[in-house]
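Residues per chain, in single letters:
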Amino acid sequence: MYLKDFEIRWSDVDANRHLANSAYVNFMSHTRVAFFEDHNFSLSNLAKFQISPVIFYEHIYYFKEAFLGTPIKVSLEVKGLSEDGMFFEIEHNLYNHKGENLANCELMGAWINLKTRELTALPTEFLSEMGTFPKSADFKTLTKEDTRKFGKKPVKLS
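On a predicted model such as this, the values are computed, not experimentally measured, just so you know.

Participant: Where do I start with the environment of Val13 in this structure?
Facilitator: Examined against the element boundaries, Val13 turns out to sit in the loop between strand S1 (2-7) and helix H1 (21-38). Judged by its relative accessible area of 17%, Val13 is buried. Note: C-alpha distance between Val13 and Leu68 (55 residues apart in sequence) is 6.7 Å. Apart from the residues lying within four places of it in its own chain, the contact partners of Val13 are Ile8, His18, Leu19, Ala20 and Leu68.

Participant: Can you help me understand the packing of aromatic side chains in this one?
Facilitator: Note on aromatic pairs: each is described by the distance of the centres and the angle between the planes. Summed over all chains, the structure comprises 16 aromatic pairs. Seen in terms of ring centroids, Phe41 and Trp111 are 5.7 Å apart; in terms of plane orientation they differ by 35°. Their pairing is tilted. Placement of Phe41 in the loop between H1 and helix H2 (43-48) and of Trp111 in strand S5 (residues 101-113) is noted, with a sequence separation of 70 residues between them. Ring geometry for Phe88 versus Trp111: centroids 5.6 Å apart, planes at 55°, classification tilted. Pair noted here: Phe88 is in strand S4 (residues 87-96) and Trp111 is in strand S5, with a separation of 23 residues, a long-range link. For Phe88, a relative accessible area of 4% puts it in the buried group. The class of Trp111 is buried, set by a relative accessible area of 3%. Chaining the aromatic ring pairs together yields one cluster made of Tyr2, Phe35, Phe36, Phe41, Phe49, Phe88, Trp111, Phe126 and Phe133. The lysine or arginine in question, Lys135, covers the ring of Phe139, its NZ or CZ lying 5.4 Å from the ring centre.

Participant: Explain the side chain of Glu91 here, please?
Facilitator: Considering the arrangement of structural elements, one finds Glu91 in strand S4. Buried charge without a partner: Glu91 forms no salt bridge, and the closest opposite charge is Lys79, 4.3 Å away. A polar atom in the side chain of Glu91 sits 2.8 Å from the side chain of Asn104. With near-sequence residues (within four places) excluded, Glu91 lies in contact with Ser75, Leu76, Glu77, Lys79, Asn104, Cys105, Glu106 and Ser136.

Participant: Please explain the pattern of salt bridges as it appears in this structure.
Facilitator: Two side chains with opposite charge may pair up if their charged atoms get near one another. Inspection of every chain in the model, using the stated rule, returns seven salt bridges. Two residues, Asp138 and Lys79, come together in a salt bridge whose shortest N-O distance is 2.6 Å. On the criterion of sequence distance, the pair formed by Asp138 in strand S6 (residues 135-142) and Lys79 in strand S3 (residues 71-82) is long-range, its members being 59 residues apart. For Asp138, a relative accessible area of 45% gives the class partly exposed. Residue Glu89 pairs with Lys149 through a salt bridge whose shortest N-O separation is 3.1 Å. Of this pair, Glu89 sits in strand S4 while Lys149 is found in the segment after S6, placing the two residues 60 residues apart along the sequence. Residue Glu89 is classed as buried on the basis of its relative accessible area, which comes to 4%. Take Lys149: its relative accessible area is 45%, and that puts it in the partly exposed class.

Thresholds applied
- Residues numbered from 1 in each chain as written.
- Predicted model: local features only at pLDDT ≥ 70, side-chain atom pairs only at ≥ 80, totals over all residues.
- Heavy atoms only, no water.
- Helix = DSSP H or I, 4+ residues; strand = E, 2+ residues; numbered from the N terminus.
- Buried < 20%, exposed > 50% of the residue type's maximum accessible area, 1.4 Å probe, protein only.
- Contact = heavy atoms within 4.5 Å.
- Phe/Tyr/Trp six-rings, centres within 6.5 Å; stacked < 30°, edge-to-face > 60°.
- Lys NZ or Arg CZ within 6 Å of the ring centre and 35° of its normal.
- Lys, Arg positive; Asp, Glu negative; His and termini not counted.
- Salt bridge = Lys/Arg side-chain N within 4 Å of Asp/Glu carboxyl O.
- Polar contact = N/O pair within 3.5 Å; in protein donor to acceptor, adjacent residues only side chain to side chain.

Here it is as structure tokens:
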């Protein structure tokens, strides 16, 4: 399991004086970037191949409040990867200083080619590193069908 430490700042709280929804998302995003940096997926390394991660969805479940000035930990485990590295599924948990689970998030994403703006498989330089990622107990190999498991489709405004 990958862990990142944070302290809740004034700008992270909302009118209810607890950790704001947007702060949860920002802490998880920061954790993913740090994780990818630690695994040779730095932004500069990805830029050489004109690729970047994109997120399809984030499902967040809130369990307990967190408040200004308190330390939190954000975990990251990989729940799924496609064989070509195109798709990934990540699980985050947020914990307070007592180890209590504050929230859980499941997200799915993929890699996009910044030139063509289309989804792309990972270059072989990155595929071997994926084998070192911390995997969840329910890890699975992802397929394109897994990206459609919730049946959501765009609906045009008419």
